[in-house]
Amino acid sequence: MAQLKRVIGKKTLLILTINSILGSSIFFLPAIAAGFSGPDSIVAWILMAVVAVVISTYFAELVSKYPKAGGIYEYAKHSIGQSSAFFVGWVSWIVANIAIALEIVGSLLYLLPGYSLFVYALLSFAFIASFNYISYRGIDYSSKMLLIFGGITLFSLLAIIVPGSFAINPGNLVLVAMPLPLIFLSIYFVSDTFFGWEAAAYLSEEVKNARKVMPRIIVLSTVIVSLLSISLPIISLGIVDWRTLGSNPASLTLVAETIFGTAGSRIFSVLIFVLIMGSAASWIVASPRLLYAMARDKVL
């Protein structure tokens, strides 16, 4: 079986890991959480960020011990046995494919509402085929593609957070003492933003000096994601009233319109489309490493 090349450096890995953790949910969950617990949802983001940083240290320990392409499959194999790892690997693969389908179709519905099913199917196939072709060309091409998507993600977030910090209305951020169960419900939803370490772990066999580099990058990436994930809801709730924010499915477009005007919000809508596609592309690139690891163990 062909060997994977260790060609991914620190800076590239940092951007790839941030992008794989953030995914596309960060652009929708602030509104969902606000719909349940209003300004108190900021507490949910802070609590979940603390939990995520703690969990990242466990992933850091595992990836330093087993820097293999199988990721969570590899960890399960060494902890609970090959039979259970077989189940973990196949479930992870199925979930990855569902995530890819949801994100690609969802991004098209977001940018191009009202088209026929045939158009969505044709465009979805075109994007999936294109991303798979780039992945087939190797990690050099794949990492460049994911770096572009990761850079756009960070740029888009900072484009909202930095200018938005000057437009905050402090009155919008006053806590309203929502019932505790609603805050826990918000925590449940916002947790999706922080769980993406497995996609980065699949690439660990292609990282230079993985045992030393991967643990640091995973924890550092989680800290950066936590800071971004706390800042964005604060900016969103500080600019738009939580009732309006929670009832608007395109909440960040609304925030962008408040900051930049109508033209700016349209540009931001296109950026969100690109970012969701980038999240799907990261799964298309990373998840075949799981199949590679299972095939190597003859359990595929």
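Throughout what follows, the structure given in this document is the object of discussion. (Residues numbered from 1 in each chain as written. Predicted model: local features only at pLDDT ≥ 70, side-chain atom pairs only at ≥ 80, totals over all residues. Heavy atoms only, no water.)

## A word on the pattern of salt bridges
Thinking step 1. Evaluated as defined, the whole model comprises five salt bridges.
Thinking step 2. For lysine 77, the salt bridge goes to glutamate 74, with nearest N and O atoms at 3.1 Å. With lysine 77 and glutamate 74 both in helix α4 (residues 72-80), this residue pair falls three residues apart, about one helical turn.
Thinking step 3. Residue classification places glutamate 74 among the buried residues on the basis of a relative accessible area of 3%.
Thinking step 4. Residue glutamate 206 is joined to arginine 289 by a salt bridge in which the shortest nitrogen-to-oxygen separation is 2.9 Å. (Salt bridge = Lys/Arg side-chain N within 4 Å of Asp/Glu carboxyl O. Helix = DSSP H or I, 4+ residues; strand = E, 2+ residues; numbered from the N terminus. Buried < 20%, exposed > 50% of the residue type's maximum accessible area, 1.4 Å probe, protein only.)

## Comments concerning helix α3 (residues 41-65)
What sets the pattern is the α-helix's 3.6 residues per turn: residues three or four places apart point alike.
Thinking step 1. Between its first and last C-alpha atoms α3 spans 36 Å; for 25 residues at 1.5 Å apiece the expected length is 36 Å, and the two agree.
Thinking step 2. The elements touched by buried residues of α3 are α2 (29-37), α4, α8 (180-190), α9 (197-201) and α10 (210-239). (Expected span 1.5 Å × (residues − 1). Contact = heavy atoms within 4.5 Å.)

## Regarding the packing of helix α7 (residues 139-164) against helix α13 (residues 262-286)
Thinking step 1. Between α7 and α13, whose axes approach to 9 Å, the crossing angle comes to 145°. Here α7 runs over α13; the crossing is left-handed. Contacts from Ser142, Met145, Leu146, Phe149, Ile152, Thr153, Ser156 and Ile160 of α7 reach α13 at Phe268, Leu271, Val274, Leu275, Met277, Gly278, Ala281, Ser282 and Val285. (Axes fitted to C-alpha atoms, helices over the stretch in contact; angles between N-to-C directions. Left-handed = near helix turned anticlockwise from the far one by under 90°.)

## Thoughts on the nonpolar core
Thinking step 1. Counting 85 residues, the largest nonpolar core has Phe27, Trp45, Leu157 and Phe268 as the members making the most contacts within it.
Thinking step 2. Among the elements that make up this core, the one with the highest residue count is α13 (13 residues).
Thinking step 3. For leucine 157, the contacting residues outside a window of four places in its chain are Leu22, Ile26, Phe27, Leu228 and Leu232. (Core = buried A, V, L, I, M, F, W, Y, C linked by side-chain atoms within 4.5 Å.)

## Looking at a nonpolar patch on the surface
Thinking step 1. Together, Ile46, Val50, Val54 and Tyr58 make up a nonpolar patch on the protein surface, roughly 390 Å² of accessible area in all.
Thinking step 2. Within the fold, tyrosine 58 resides in helix α3.
Thinking step 3. The class for tyrosine 58 is exposed, based on a relative accessible area of 58%. (Patch = residues over 30% accessible without salt bridge, like charges linked within 9 Å, V, L, I, M, F, W, Y side chains within 5 Å. Areas by Shrake-Rupley, 256 points an atom, 1.4 Å probe, with all protein chains shown as cover.)

Just geometry here; none of it tells us what the structure is for.
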